[in-house]
Each structure stands twice: as C-alpha cells, then as structure tokens.
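Secondary and tertiary structure notes
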Amino acid sequence: MPGTLTRGAVALPLCCALLLTTAACGGDDDAGSASASANPSASPAPSGSAERQKLAKTRFVANAGLAAGATYQWIVKPYRAGTFKKGADGRTFALVKAGLAGAFAYNRLKAAADNAKGDPLLSKAAAPLTAGIDSLKDLGTKFRRGEVGEGDVGAFESVINSVKEAGKSAGAEVKDQVPSTSQLGG
C-alpha cells in the first residue's frame, strides 16, 4: 500500500505539469504560424531554383527506377521465362502480379514525367515520352485478364528504355529499383 500512495503522489504533479505545458503551447494563431515557419521540417519546400531542380531530378530517378524495376521483375522476366503461357505453373499469380506491376509502373512513369517538368534539361528530354507513357495506361488490366502478348511486353520495355535514355541524357541516370510486393498493391 505505501508504494501505491507514492506512485499517486508522483503521478499527480506530473499530470498537472503536462496539462500546464500543453495549455501554454496553445497560444494564438500568429504565434503558431511563426513557429511553424521557423521549423524547417514543417515545410520541406526547396528554397532556391537549383535545389528545386535537384529535387526534380532525384524524384524523377526514384520514380523511373521503381517503374523500371517493377517492369523487369514482374513483367519482362516472367514473360521471357514463359510463365504467361497457358498451362504454365503459376500463370494466374504471375499475371495478377504483372497487372499490378503494370499499373504501378504506369503510375510511377506519370509521376516521373511530372517530376521532369521541374528541371529544364530533363523536361526537354522527357517531353516526347508522354505519348508512350500514356499508351501503357490500360496494359495493367490486359495483363490481369491474361490477354498479354509480346507486343505488350515490348511496349513496356520500349517506354522504360526511352525514359532511362532521357534521364541519362539530362544527367539523371535511372537504375532499376525493384519495389516490394506491398508497394505494388498499395
């Protein structure tokens, strides 16, 4: 019983101190916005145009790399191994994964194209690729249905290679980054 009384005697002043500290931080709106602007982690916006361009290239490389990795890992590689052929072991699962990878790659390629707009050199290099990226829009669904052909796989490979070349010519080399299975679905 004496230990319980001691804990209660310590807990009460701690709770009061926390309440007073929390109430003191509530302040007016002007003070809150001033502290938010002073906190660099509250607004991660780049400060100069050089930093914005660097972030554009970095994001482009990350998004294009994820698209390339997903395409190779779950579309090109299984296709070349014959996993998409009728009667192949694991065909259904491979086609579902390819469908998810196709949708994921399309999404990341669209994001990479948007990122490219933040850098003048990269923007010029990536501008002609938008039509190719747009042509991939419905291929994810085609994979899931099992209606995939060599031309569909070739379209993904061609667009990915074009994006890689555009990045390389603008000083933003793209390397394959295989996303996790949970990234594909989420």
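In this report, the structure presented in the accompanying data block is examined. (Residues numbered from 1 in each chain as written. Predicted model: local features only at pLDDT ≥ 70, side-chain atom pairs only at ≥ 80, totals over all residues. Heavy atoms only, no water.)

**Details of the overall build of the protein**
Selection criterion: Labels follow the DSSP assignment, with helices taken as runs of H or I lasting at least four residues and strands as runs of E lasting at least two, numbered in each case from the N terminus. Two residues qualify as a contact provided that any one of their heavy atoms is within 4.5 Å of a heavy atom in the partner residue. The accessible surface values rely on the Shrake-Rupley method and a 1.4 Å probe; as for residues, cover is taken only from the protein chains in view.
Secondary structure assignment for the protein yields nine helices and zero strands. Element order for the protein, N to C, with α for helix and β for strand: α-α-α-α-α-α-α-α-α. Across the protein, every contact between residues at least 6 apart in sequence was considered, and the portion connecting residues at least 24 apart equals 76%. For the protein, the exposed area adds up to about 11,300 Å²; of that, 57% sits on carbon and sulfur atoms.

**Observations regarding helix 8 (residues 150–169)**
Applied cut-off: In a helix, the anticipated span is given by 1.5 Å times the number of residues less one. Relative accessibility under 20% of the residue-type maximum defines a buried residue, over 50% an exposed one, and the middle range a partly exposed one, all with a 1.4 Å probe and only protein chains included. Directions pointing from the helix axis toward each C-beta atom define the arc.
Relative to the 28 Å expected for 20 residues at 1.5 Å per residue, helix 8 spans 28 Å between its end C-alpha atoms, a close match to the ideal helical length. Taken together, the buried positions of helix 8 are occupied by D152, V153, F156, V159, I160, V163, A166 and G167. Axial view of helix 8: buried residues confined to an arc of 160 degrees, hence all on one face. Of the residues in helix 8, the exposed ones pointing more than 90 degrees away from the buried face are E150, G151, E165, K168 and S169. Immediately beyond the C-terminal end of helix 8, within one or two residues, lies G171, with a positive phi of roughly 80 degrees.

**As for the nonpolar core**
Note the cut-off: For our purposes a nonpolar core is just a set of buried Ala, Val, Leu, Ile, Met, Phe, Trp, Tyr and Cys residues, chained together by side-chain atoms within 4.5 Å.
Counting 39 residues, the largest nonpolar core has F60, L109, I133, F143 and V163 as its most contacted members. The set of elements that each furnish at least two residues to this core consists of helix 3 (49–80), helix 4 (91–116), helix 5 (120–126), helix 7 (139–145) and helix 8. When residues in this core are grouped by element, the largest group, 11 residues, is from helix 4. Setting aside anything within four residues of it in sequence, one finds I133 in contact with Y106, L109, K110, A113, V159 and V163.

**Here we look at the environment of E157**
In this structure, E157 sits in helix 8. Not counting residues within four places of it along the chain, the set of residues in contact with E157 comprises V76 and R80.

**Structural notes on the pattern of salt bridges**
Quick note on the threshold: Note on definitions: salt bridges are taken to be side-chain nitrogens of Lys or Arg within 4 Å of carboxyl oxygens of Asp or Glu.
The final tally for this structure, using the stated rule, is five salt bridges. For R80, the salt bridge is made with E157, and the minimal N-O distance between the two is 2.6 Å. Separated by 77 residues along the polypeptide, R80 in helix 3 and E157 in helix 8 bring together distant segments of the chain. The exposed category is assigned to R80, whose relative accessible area is 58%. Here D134 ties to K110 by a salt bridge, and the two come within 2.9 Å at their closest N and O atoms.

**Concerning the environment of A64**
Along the chain, A64 turns up in helix 3. Considered as a pair, A64 and Y106 are 42 residues apart in the sequence and their alpha carbons are 9.8 Å apart. Setting aside residues up to four positions removed in sequence, A64 forms contacts with A112, V163 and V174.

**Here's the deal with the side chain of D119**
Heads up, the condition is: His is not counted, nor are the chain ends; Lys and Arg add positive charge and Asp and Glu add negative charge. Pairing of N or O atoms within 3.5 Å defines a polar contact, subject to two protein rules: one partner must be a possible hydrogen donor and the other a possible acceptor, and residues neighboring in sequence count only if both atoms are side-chain atoms.
The topology assignment puts D119 in the loop between helix 4 and helix 5. For D119, which is buried and forms no salt bridge, the nearest opposite charge comes from K57, at a distance of 4.3 Å. A distance of 2.9 Å separates a polar side-chain atom of D119 from the backbone nitrogen of L122. When sequence neighbours within four positions are dropped, the list of residues in contact with D119 reads Q53, A56 and K57.

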